[in-house]
Amino acid sequence: MDRAQKEQLVDELGQIFESSGVVVVSRYVGLTVAEMQDLRARARAADASVRVAKNRLAKIALDGKPCASIAGLLEGMTVLTYSEDPVAAAKIAQEYAKENQKFVILGGAMGENALDVAGVEAVSKMPSRDELIATIAGMLGAPASNIAGAIGAPASNIASILSTIEDKAA
């Protein structure tokens with residue numbers, strides 16, 4: 001890899017560190033190519049990404065970025081899982097770490113906040129952006145359905161009262 005390629009890689013990593021909602025650093029010693037492809041496919045499905053980069057270049061790219069706190073985690077065979085959604089990458093990494101003993105989460109960063117292993121686990125348990133949007137949409141729709149139910153209720157109440165009166169008269 002020549003100097004120009006290294007500079008380009010540092011720029012790419014810098015953009016990743018700048019724009020990601022969360023970055024998770026994990027150790028992947030012993031993972032097979034098939035297992036790594038599985039991890040990448042899961043990440044892609046969740047709008048997250050997985051990147052293996054030289055630690056030295058990643059540390060250079062981290063300089064001055066909000067998530068610079070993860071520089072100390074970049075030792076040995078590390079892989080970065082990241083996403084714009086502040087939860088997606090943490091969920092993918094946490095799920096994969098539970099299934100595969102060779103994939104070990106070291107920590108991460110959410111913006112300027114450094115995350116230890118427990119922090120990554122806590123973030124992974126939070127609802128994703130899509131889940132929050134669905135919850136808010138449901139909350140917005142609930143009053144309308146309650147109003148429709150309230151409007152329709154008197155008619156059904158009148159019908160049951162009339163039915164009761166008719167039964168008594170007969």
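The rules we used
- Residues numbered from 1 in each chain as written.
- Predicted model: local features only at pLDDT ≥ 70, side-chain atom pairs only at ≥ 80, totals over all residues.
- Heavy atoms only, no water.
- Pairing = 2+ DSSP bridges.
- Helix = DSSP H or I, 4+ residues; strand = E, 2+ residues; numbered from the N terminus.
- Axes fitted to C-alpha atoms, helices over the stretch in contact; angles between N-to-C directions.
- Contact = heavy atoms within 4.5 Å.
- Salt bridge = Lys/Arg side-chain N within 4 Å of Asp/Glu carboxyl O.
- Buried < 20%, exposed > 50% of the residue type's maximum accessible area, 1.4 Å probe, protein only.
- Parallel < 35°, antiparallel > 145°, perpendicular 65-115°, else oblique.
- Left-handed = near helix turned anticlockwise from the far one by under 90°.
- Nonpolar A, V, L, I, M, F, W, Y, C, P; charged D, E, K, R; others polar.
- Core = buried A, V, L, I, M, F, W, Y, C linked by side-chain atoms within 4.5 Å.
- pLDDT = per-residue confidence, 0-100.

S.K.: What is the right way to read the sheet that holds strand β1 (residues 22–27) from this model?
M.R.: Judged by pairing direction, the sheet is antiparallel, and its five strands sit side by side in the order β2-β3-β1-β4-β5 without closing on themselves. In this open sheet, the two strands that pair with only one neighbour each are β2 (49–51) and β5 (113–115). Strand after strand, the sheet turns through a mean of 20° between neighbouring axes, direction not considered. Pairing of strand β4 (residues 104–110) with β5, which is carried by three bridges, proceeds in the antiparallel orientation. Within β5, the residue paired with Gly-108 across the bridge is Leu-115. The sheet contacts of helix α5 (residues 117–124) involve β1, β4 and β5, and relative to β4 the element is tilted by about 70°.

S.K.: How should the pattern of salt bridges be read in this particular structure?
M.R.: Side chains that differ in sign of charge can pair as their charged atoms come close. The tally for this structure, following the rule as stated, stands at seven salt bridges. Of the charged contacts, one joins Glu-12 and Arg-51 as a salt bridge, the two residues approaching to 3.1 Å between their closest N and O atoms. One end of the pair, Glu-12, is in helix α1 (residues 3–19); the other, Arg-51, is in strand β2, with 39 residues separating them in the sequence. We classify Glu-12 as partly exposed; its relative accessible area is 29%.

S.K.: Looking at this structure, I do not really get the pairing of strand β3 (residues 78–83). What am I missing?
M.R.: Counted residue by residue, β3 has six buried out of six residues, so it is predominantly covered. The side-chain alternation of β3 yields two buried faces, one formed by Thr-78, Leu-80 and Tyr-82 and the other by Val-79, Thr-81 and Ser-83. Note that β1 and β3 share six bridges and pair antiparallel. If you follow Val-25 over to β3, its bridge partner there is Leu-80. As judged from the three bridges shared by β2 and β3, these two strands associate in the antiparallel manner. When the bridges of β3 are listed, Arg-51 appears paired with Leu-80.

S.K.: Looking at this model, I keep getting lost on the packing of α1 against helix α3 (residues 55–62). Mind explaining?
M.R.: Two quantities define a packed helix pair, namely the angle between the axes and the distance from one axis to the other. Interaxial distance between α1 and α3 falls to 8 Å at its minimum, and their mutual angle equals 55°. The angle between the axes of α1 and α3 places the two elements in the oblique class. Seen from above, α1 lies across α3 with right-handed handedness. On the side of α1, the interface is formed by Lys-6, Leu-9, Val-10, Leu-13, Gly-14 and Phe-17, while α3 contributes Arg-56, Leu-57, Ala-58, Ile-60, Ala-61 and Leu-62. Of the residues that constitute the contact of α1 with α3, the class distribution is nine nonpolar, one polar and two charged.

S.K.: Would you take a moment to explain the environment of Val-104 for this structure?
M.R.: Its location among the elements puts Val-104 in strand β4. Look at Val-104 and you get partly exposed, because its relative accessible area is 41%. Between the alpha carbons of Val-104 and Val-29 there is a distance of 8.7 Å; along the sequence they are 75 residues apart. Sequence-distant contacts of Val-104, defined by excluding residues within four places in its chain, comprise Ser-26 and Arg-27.

S.K.: Explanation requested: the nonpolar core in the structure shown.
M.R.: In summary, soluble globular proteins display a tendency toward joint burial of nonpolar side chains. Among the nonpolar cores identified, the biggest contains 21 residues, and Val-24, Met-36, Leu-39, Phe-103 and Ile-105 are the most heavily contacted of them. Leaving out residues up to four positions away in the same chain, Ile-105 has contacts with Val-24, Val-25, Ser-26, Ala-93, Gln-94, Ala-97, Val-117 and Val-120. Counting 18 residues, the second-largest nonpolar core is a separate cluster that includes Leu-13, Ile-16, Ala-53 and Ile-70.

S.K.: Sorry if this is basic, but what is going on with the confidence of the model for the protein chain here?
M.R.: In low-pLDDT regions, the fine details of the predicted coordinates are not to be read closely. When pLDDT is averaged along the protein chain, the result is 85; 88% of the residues meet or exceed 70. For the protein chain, per-element mean pLDDT is lowest for helix α6 (residues 129–169), which scores 70, and highest for helix α2 (residues 33–45), which scores 94.

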